[in-house]
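# Understanding the architecture of this molecule
If you want the building blocks of each chain, they are given just below.
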Amino acid sequence: MQLIRYQLPIHKIDHIFISHLHGDHYLGLMGLLFSMHLQRRTNDLHLYSQKGLDEIILLQLKYSKSSLNFTIIFHTFDASLIQVLYEDEALTIDTIPLIHKLECAGFLFREKPKPRKINKEKLKEGMLLQHIALLKTGADVHDEKGNLLYLNSDYTLPAQTSLSYAFCSDTAWNEKMIEQIRGINLLYHEATFMEEEKDKAQETRHSTAAEAAEMALRSRVQKLLIGHFSARYRELEPLLLEAREVFANTELAIEGSTFEGGT
Ligand SMILES: [Zn+2]
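Read on for a plain summary of the structure. (Residues numbered from 1 in each chain as written. Predicted model: local features only at pLDDT ≥ 70, side-chain atom pairs only at ≥ 80, totals over all residues. Heavy atoms only, no water.)

### Some words on helix α3 (residues 53–63)
Burial in α3 covers these residues: Leu53, Ile57 and Leu61. Buried residues of α3, seen end-on, are gathered within an arc of 65° and therefore sit on one face of the element. Facing away from the buried surface of α3 by more than 90 degrees, the exposed residues are Glu55, Lys62 and Tyr63. Close packing links the buried residues of α3 with α2 (29–38), β2 (45–49) and β3 (72–76). Count one or two residues on from α3 and you reach lysine 65, which has phi positive near 45°. (Buried < 20%, exposed > 50% of the residue type's maximum accessible area, 1.4 Å probe, protein only. Helix = DSSP H or I, 4+ residues; strand = E, 2+ residues; numbered from the N terminus. Arc of directions from axis to C-beta. Contact = heavy atoms within 4.5 Å.)

### Section: the packing of helix α8 (residues 209–218) against helix α9 (residues 237–246)
Running from N to C, α8 and α9 cross one another at 30°; their axes reach a closest spacing of 8 Å. Here α8 runs over α9; the crossing is right-handed. Taking contact as the criterion, the partners of Ala209, Ala210, Ala213, Glu214 and Leu217 in α8 are, on α9, Leu239, Glu242, Ala243 and Val246. When the residues that make up the contact of α8 with α9 are grouped by side-chain class, the tally is seven nonpolar, no polar and two charged. (Axes fitted to C-alpha atoms, helices over the stretch in contact; angles between N-to-C directions. Left-handed = near helix turned anticlockwise from the far one by under 90°. Nonpolar A, V, L, I, M, F, W, Y, C, P; charged D, E, K, R; others polar.)

### A few points about the environment of threonine 192
With respect to the helices and strands, threonine 192 occurs in the loop between β12 (186–190) and α7 (198–204). Sequence spacing of threonine 192 and serine 207 is 15 residues, and the spatial spacing of their C-alpha atoms is 5.9 Å. What threonine 192 contacts, discounting residues up to four positions off in sequence, is His206, Ser207, Gly227, His228, Phe229, Ser230 and Tyr233. A polar contact is formed between the side chain of threonine 192 and the side chain of histidine 206, at a distance of 3.2 Å. (Polar contact = N/O pair within 3.5 Å; in protein donor to acceptor, adjacent residues only side chain to side chain.)

This is the structure in structure tokens:
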């Protein structure tokens, strides 16, 4: 419902990643699937989760005597391992093993290196299309005898930076993931509690705002978003302040907000 409220086009969603099977992380899914059905979706939908979500969904469809217009392709993963879940020419998505009451995985999204861009202002009349195509790949262009025709850097602009983002919810303090997420642009880390409720955080395998910030600091990420706050906190400012004392470039992940990676 939030997706619709913020006017995000749900027909464009082809891949959904579910970290673990606590209800607050997947109970909205049935509603989303039926909304997609009502919008006459026909494209396959890829659903990545641990074993069990397939049964849960199929059972709900069975007992509501419903079927969907589209096919769901279930991809199950082992949350205790780092696995490549998805890869195409632009990005890879890996699991991040987390520490929680149930088996739980975060997700690391990494854009692959991007090609240099053709600088249209520098292109000369009469340049052959295959030469321009070669420049796009980053190569210099030579004639048949091997003489240099076009030096790549004269005709292209530097590639855009490749961005990286890790989604880590739900988890207790997790030393092991530091290496995996080191230096990424943007980290979303849960901050269910504040330090004064640290006992509660440890008991429920969640993190405090200070721990999320410590993770951002130790793994040298550029920016931190914190979220998944306990309902006990009516005001979120104290959580933000607690995190910012450790890691200044922190923001609250409020639904409907957008953030630029690394700034
Ligand atoms: Zn949970």
